Amino acid sequence: GRPLDLAGRRIVVSAGGTREAIDPVRFIGNRSSGLQGYALARTAVARGAEVTLVAANVTLPDPAGAKIVRVESTADLRDAVLEASAGADAVVMAAAVADFRPATRQGSKIKKTDGEPEPIRLAKNPDILAELGERRRAAGAARAGAEGSGVIVGFAAETDDVLANGQAKLARKGCDLLVVNQVGEGLAFGTPDNAATVLVAGGEPVEVPFGPKEDLADAVWDLVAARLS
Ligand code: C5P
């Protein structure tokens, strides 16, 4: 059995992938299944946490015991995560967030034309993880997690210079833990297994061997629980 080391803790997990509308029927999206975020939510519930799961376009069965907030776009995800994370003990951004969205959303379906189609212009989306870090800094709440400042966890897919790029991202985004997925080794979206290195602010990286996404989730919660105690 799992330890009840997250009992009484309020935890927010984002999962899945955001979709950005082009017109009423089309969107720009990604292949995130939500499996890792759902595994994080399930294992946190099993360890005693009160979990809010912000799910972007996930079709998996609801994890028992978690509060689920369903979102579609990055703007929706941002609103839901910022609201749920106020006063939370930990926030884990496992969702694949669209970096760009169509600059304008067409009110009606774009029609097929004989000539060349119009290009879709893109606009930058806000970086929610970086915003969580900035908000914590601005609040001067970089105290121990026990004081309620909240542990911030990000995910990143890096293909090369994993440690150097990951450490830079950890610092840039102001998070406490950054789970760096080893991509490009036949590991695919939608698979039940994962391998990763968890980078720790002010600590040594933790290697999590290839295995079920629950194992990676438990490794993350071990590190979160240690920072909260
Ligand atoms: O910068 P990069 O996309 O590699 O960072 C990935 C991490 O940042 C993930 O935790 C993801 O949920 C988060 N992210 C975010 N907002 C964005 C892009 C990524 O919160 N616009």
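For clarity, every value in this text was computed on a predicted model and none was experimentally measured.

J.: Sorry, what's going on with the site of the ligand here?
T.: Surveying the vicinity of the ligand reveals the residues Met93, Ala95, Val97, Asp99, Pro126, Asp127, Ile128, Leu129, Gly154, Phe155, Lys169 and Lys173. Within the contact set of the ligand, a nitrogen atom lies 2.8 Å away from a backbone nitrogen or oxygen of Pro126. One of the backbone N or O atoms of Phe155 is found 2.9 Å from an oxygen atom in the ligand. Surface burial for the ligand is 86%, taken as the share of its 450 Å² of free accessible area covered by protein chains. Within the residue set of the shell around the ligand, elements represented by two or more residues are helix H3 (128-138), strand E9 (151-158) and helix H4 (162-173). Of the residues assigned to the shell around the ligand, the class counts are seven nonpolar, one polar and four charged.

J.: Explanation requested: a nonpolar patch on the surface in the structure shown.
T.: A contiguous nonpolar patch, built from Ile28, Phe100, Ile120 and Leu122 and spanning about 350 Å² of accessible area, is present on the exposed surface. By the secondary structure assignment, Ile28 is in strand E3 (residues 26-28). By relative accessible area, which is 30% here, Ile28 ends up partly exposed.

J.: I tried to follow helix H1 (residues 35-46) on my own but got confused; where do I start?
T.: Note on helix geometry: an α-helix contains 3.6 residues per turn, so any two residues three or four positions apart are oriented the same way. Across its 12 residues, H1 extends 16 Å between first and last C-alpha, which sits within 8% of the 16 Å expected from 1.5 Å per residue. Taken as a whole, H1 has its buried residues at Gln36, Gly37, Tyr38, Ala39, Leu40, Ala41, Thr43 and Ala44.

J.: I tried to follow the pairing of strand E1 (residues 10-16) on my own but got confused; where do I start?
T.: Each regular strand shows side chains that alternate between the opposite faces of the sheet. Most of E1 sits out of view: six of its seven residues are buried. As paired strands, E1 and strand E4 (residues 50-56) are joined by seven bridges and run parallel to one another. Within E4, the position partnered with Val12 by the bridge is Thr52.

J.: Could you clarify how one ought to interpret the side chain of Asp23 in this entry?
T.: Counting through the fold element by element, Asp23 comes out in strand E2 (residues 20-23). Given the relative accessible area of 1%, Asp23 is considered buried. In this structure Asp23 touches Arg105, Gln106, Ser108, Lys109 and Ile110, once residues within four positions along its chain are discounted.

J.: Sorry, what's going on with the packing of H1 against helix H5 (residues 213-228) here?
T.: Axis angle and axis distance: for two packed helices, these are the angle between their axes and the distance between the axes, and together they describe the pair. Between H1 and H5, the shortest axis-to-axis distance is 8 Å and the interhelical angle comes to 55 degrees. Put simply, H1 runs oblique to H5. Considering only the axes of H1 and H5, their crossing is right-handed. When H1 is examined against H5, the residues Leu35, Gln36, Ala39, Leu40, Arg42, Thr43 and Ala44 are found in contact with a partner set consisting of Lys213, Glu214, Leu216, Ala217, Asp218, Val220 and Trp221. Classifying every residue of the contact of H1 with H5 by side-chain character gives eight nonpolar, two polar and four charged.

J.: Just to check I follow, could you spell out the pattern of salt bridges for this structure?
T.: Two side chains of opposite charge can pair, provided their charged atoms sit close to one another. Here the structure, examined in full by the defined rule, presents 15 salt bridges. The residue Arg47 makes a salt bridge to Asp222 at a minimum N-O spacing of 2.7 Å. Placement of Arg47 in the loop between H1 and E4 and of Asp222 in helix H5 is noted, with a sequence separation of 175 residues between them. According to the relative accessible area criterion, Arg47 is buried, its value standing at 1%. With its nearest N and O atoms 3.8 Å apart, the salt bridge here joins Arg78 to Asp79. Assessed through its relative accessible area of 24%, Arg78 is described here as partly exposed. Here Asp79 falls in the partly exposed class, since its relative accessible area comes to 48%. One salt-bridge network, held together by shared partners, links Arg2, Asp5, Arg47, Asp218 and Asp222.

Criteria and cut-off values
Residues numbered from 1 in each chain as written. Predicted model: local features only at pLDDT ≥ 70, side-chain atom pairs only at ≥ 80, totals over all residues. Heavy atoms only, no water. Near = heavy atom within 4 Å. Polar contact = N/O pair within 3.5 Å; in protein donor to acceptor, adjacent residues only side chain to side chain. Areas by Shrake-Rupley, 256 points an atom, 1.4 Å probe, with all protein chains shown as cover. Helix = DSSP H or I, 4+ residues; strand = E, 2+ residues; numbered from the N terminus. Nonpolar A, V, L, I, M, F, W, Y, C, P; charged D, E, K, R; others polar. Patch = residues over 30% accessible without salt bridge, like charges linked within 9 Å, V, L, I, M, F, W, Y side chains within 5 Å. Salt bridge = Lys/Arg side-chain N within 4 Å of Asp/Glu carboxyl O. Buried < 20%, exposed > 50% of the residue type's maximum accessible area, 1.4 Å probe, protein only. Expected span 1.5 Å × (residues − 1). Pairing = 2+ DSSP bridges. Contact = heavy atoms within 4.5 Å. Axes fitted to C-alpha atoms, helices over the stretch in contact; angles between N-to-C directions. Parallel < 35°, antiparallel > 145°, perpendicular 65-115°, else oblique. Left-handed = near helix turned anticlockwise from the far one by under 90°.

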